[in-house]
Amino acid sequence: MLDEDYWRTLGRRLSGTDDWRQWRVVCRACGYIQSPADFIALERDDVRPEFAFSDCIGRYWENYDAETEDAFPCNAITWGFIPLDHYKVNWKTGKQGLVFRFAVPGERIEDNRRKHEARTRRWAEEAAAAAKEEAAAELARLREEDEAAERDVDEYAMRCTGCGRTEGREHRRTCVWRAPDGVAEKHNLLSELVDPVHAENSVATVIERVMRMRDAVGEYERAVVAELSALGLQIEEADHSIGLEVDRAEVRIWLPRASEEAPRHCVVWTSYFGWSYSDGVLGTSLKYRGGEEYEPSAAVIAAEIGEIVKSGSAYWTGGHEWRDTLATDDWAAVVAGLRAAAGVMDGAVV
């Protein structure tokens, strides 16, 4: 810690001039030697010459890229979050400031740059070696976990019937469900929901289930829209949608609005809860049609939707029940119910 008079005396002695604009200081981070005169030469209104004592000049160069390997000069500052061994000066104004050290006579930028580049290369080599060591340790942990799981499947995880291995961490990274261009990716089934599904079912089983659910949902959705059209409610193709994930399916139909300002009412069918209705107002709770009527026939549901549109305030009531469509029996029941409700039997519309 220096007082201002001593700091100025040091600057004059080491730089060989009373002109403070020619005083040479060294960036602690990279070793670049600069002076206030260099900052004046930038001819920028937002850059003052005294910045030379606290900011490396690279910070103010045009088109400067600090991420470039061996960037020199750098963009370090004395007043950053990571303090270095800078001088602290007690200014006569009553404030304190951190400044770079003065360059000693004969100190050259070229010498400092070579030191900086050598140090940067050493740091990069050390970082690469540490990363390689960490990766090797992580791989060893993964292999140890999988080997332990092989010895005691019940303790660690169920065996994946899709690829035949136990579901350890390394397995989840390399299983056909996660591998690039794997079966799951080709069918757009990669998601966080895949893990519990493929641990209990084979790849072929899950894909068959999802594809059959998709087809059944599409049949039901088309049948409901056709019935709505027969009632005079023209639902445009762009106004309804089908969503399908590994463990659930959804149909969302937006109803005609009385005016542009009116909220958008919608009816939604999901494989979890059956049909629900919302009047589009924030906070309105959904009323579920549960029980044995998860998939009422397309004609019945279209008629009830018509009542909603006609009254503008109708809603369904029913028990809030949930179906596990990951379970084989529940999934098969949903698919059969959808096809029956859509009037489809053995591939033909009845």
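Let me begin by describing the structure that accompanies this report. (Residues numbered from 1 in each chain as written. Predicted model: local features only at pLDDT ≥ 70, side-chain atom pairs only at ≥ 80, totals over all residues. Heavy atoms only, no water.)

1. A few points about unusual backbone geometry
If a residue is not glycine, its phi is most likely negative; likewise, a peptide bond is most likely trans.
Logical step 1: A positive phi is found at Glu 43, a non-glycine position, where the angle reads about 55°.
Logical step 2: Along the chain, the position of Glu 43 falls in the loop between α2 (36-40) and β4 (87-90).
Logical step 3: Of note, Asn 63 is a non-glycine position whose phi angle comes to about 55°, a positive value.
Logical step 4: Relative to the helices and strands, Asn 63 resides in the loop between α2 and β4. (Helix = DSSP H or I, 4+ residues; strand = E, 2+ residues; numbered from the N terminus.)

2. Considerations on the sheet that holds strand β7 (residues 240-244)
Strands pair in a sheet through their backbones, by hydrogen bonds, and they do so in one of two ways: parallel or antiparallel.
Logical step 1: An order of β7-β8-β9-β10 is seen for the four strands of this open sheet, with the pairing classed as antiparallel. Because the sheet does not close on itself, it has two edges, and the strands there are β7 and β10 (274-278). The sheet shows a mean angle of 15° between the axes of neighbouring strands, direction not considered.
Logical step 2: Here strand β9 (residues 266-270) runs beside β10; their pairing, made up of five bridges, is antiparallel. Across the sheet, the residue bridging to Cys 266 is Ser 278, located in β10. (Pairing = 2+ DSSP bridges. Axes fitted to C-alpha atoms, helices over the stretch in contact; angles between N-to-C directions.)

3. A closer look at the state of the cysteines
Logical step 1: This model, assessed by the stated rule, comprises zero disulfides.
Logical step 2: In this structure Cys 30 is not part of a disulfide, and its nearest cysteine sulfur, from Cys 74, lies 3.6 Å away.
Logical step 3: This cysteine, Cys 56, is not joined by any disulfide, and Cys 27 carries the nearest cysteine sulfur, 3.8 Å off.
Logical step 4: Take Cys 56: its relative accessible area is 0%, and that puts it in the buried class. (Disulfide = S-S within 2.5 Å. Buried < 20%, exposed > 50% of the residue type's maximum accessible area, 1.4 Å probe, protein only.)

4. With respect to the packing of aromatic side chains
Logical step 1: For the structure on display, the rule yields 14 aromatic pairs.
Logical step 2: Consider the rings of Tyr 32 and Trp 61, whose centres lie 6.3 Å apart with planes at 85°: the pair is edge-to-face. Taken together, the positions of Tyr 32 in the loop between β2 (25-26) and β3 (33-34) and Trp 61 in the loop between α2 and β4 put the pair 29 residues apart, joining distant regions of the chain.
Logical step 3: A relative accessible area of 37% means that Trp 61 is categorised as partly exposed.
Logical step 4: Residues Tyr 272 and Trp 322 carry aromatic rings whose centres are separated by 5.8 Å and whose planes lie at 50° to one another, so their mutual orientation is tilted. (Phe/Tyr/Trp six-rings, centres within 6.5 Å; stacked < 30°, edge-to-face > 60°.)

5. Regarding the layout of surface pockets
Logical step 1: Size it by volume and the largest pocket reaches roughly 330 Å³.
Logical step 2: Around the largest pocket sit 15 residues that line it, and Glu 50, Phe 53, Ser 54, Trp 91 and Val 99 are the ones nearest its centre.
Logical step 3: Taken together, the elements giving at least two residues each to the lining of the largest pocket come down to α1 (4-15) and β5 (96-99).
Logical step 4: With three residues, the top contributor of residues to the lining of the largest pocket is β5. (1 Å grid on protein atoms, 1.4 Å probe; cavity = no way out; pocket = protein on both sides within 12 Å on 5 of 7 lines; lining within 4 Å. Points joined across faces, edges and corners; volume = space filled by probe spheres on them.)

6. Comments concerning the pairing of β9
Logical step 1: Counting buried positions over the five residues of β9 gives five, a clear majority of the element.
Logical step 2: With burial as the criterion, each face of β9 is covered, one bearing Cys 266, Val 268 and Thr 270 and the other bearing Val 267 and Trp 269.
Logical step 3: Here strand β8 (residues 249-254) pairs with β9 via five bridges, running antiparallel. Looking at β9, one finds that Val 251 is bridged to Trp 269.
Logical step 4: In textbook terms, the turn of a hairpin is the stretch between consecutive antiparallel strands, and for β9 and β10 this stretch comprises three residues.

7. Re the pattern of salt bridges
Logical step 1: One pass over the full model with this rule turns up 16 salt bridges.
Logical step 2: Three or more residues joined by partner-sharing salt bridges are found here, namely Arg 108, Asp 111 and Arg 114. (Salt bridge = Lys/Arg side-chain N within 4 Å of Asp/Glu carboxyl O.)

8. Some details on helix α9 (residues 298-311)
Logical step 1: Compared with the 20 Å implied by 1.5 Å per residue over 14 residues, the 20 Å span of α9 between its first and last C-alpha is a close match.
Logical step 2: Residues of α9 that are buried include every one of Ala 298, Ile 301, Ala 302, Ile 305, Gly 306 and Ile 308, and no others. Considered in projection along α9, the buried side chains sweep an arc of 155° and stay on one side of the axis. (Expected span 1.5 Å × (residues − 1). Arc of directions from axis to C-beta.)

9. Remarks on α1
Logical step 1: A rise of 1.5 Å per residue sets the reference length of α1, with its 12 residues, at 16 Å; its end C-alpha atoms lie 16 Å apart and thus fit the reference within 8%.
Logical step 2: Considered for burial, the residues of α1 that qualify are Glu 4, Trp 7, Leu 10, Gly 11 and Ser 15. Looking straight down α1, one finds that the buried residues subtend no more than 120° of arc, so they occupy a single side.
Logical step 3: Those residues of α1 hidden inside the fold are in contact with β1 (2-3), β4, β5 and β6 (101-102).
Logical step 4: The backbone nitrogen of Asp 5 lies 3.2 Å from a side-chain oxygen of the residue at the head of α1, namely Asp 3. (Contact = heavy atoms within 4.5 Å. Polar contact = N/O pair within 3.5 Å; in protein donor to acceptor, adjacent residues only side chain to side chain.)

10. A word on the sheet that holds β3
Logical step 1: Ordered by their spatial adjacency, three strands build an open sheet running β3-β2-β6, and the pairing between neighbours is antiparallel. At either margin of the open sheet sits one strand with a lone partner, and together these are β3 and β6.
Logical step 2: Of the strand pairs in this sheet, β2 and β6 are connected by two bridges, and their pairing is antiparallel. For Val 25, the partnering residue across the bridge sits in β6 and is Phe 102.

11. Things to note about the side chain of Ser 15
Logical step 1: As for its position among the elements, Ser 15 is in helix α1.
Logical step 2: Residues in contact with Ser 15, not counting those within four places in the same chain, are Gln 22, Trp 23, Arg 24 and Phe 102.

12. Overview of the nonpolar core
Logical step 1: Counting residues in each nonpolar core, the largest one holds 31 residues, and the members touching the most others are Tyr 220, Val 224, Ile 253, Val 267, Trp 269 and Trp 275.
Logical step 2: Of all the elements in the fold, those that place two or more residues in this core are α8 (203-230), β8, β9, β10, α9 and α10 (328-341).
Logical step 3: When residues in this core are grouped by element, the largest group, eight residues, is from α8.
Logical step 4: By size, the runner-up hydrophobic cluster in this structure holds 23 residues, among which are Cys 30, Phe 51, Ile 57 and Val 99. (Core = buried A, V, L, I, M, F, W, Y, C linked by side-chain atoms within 4.5 Å.)

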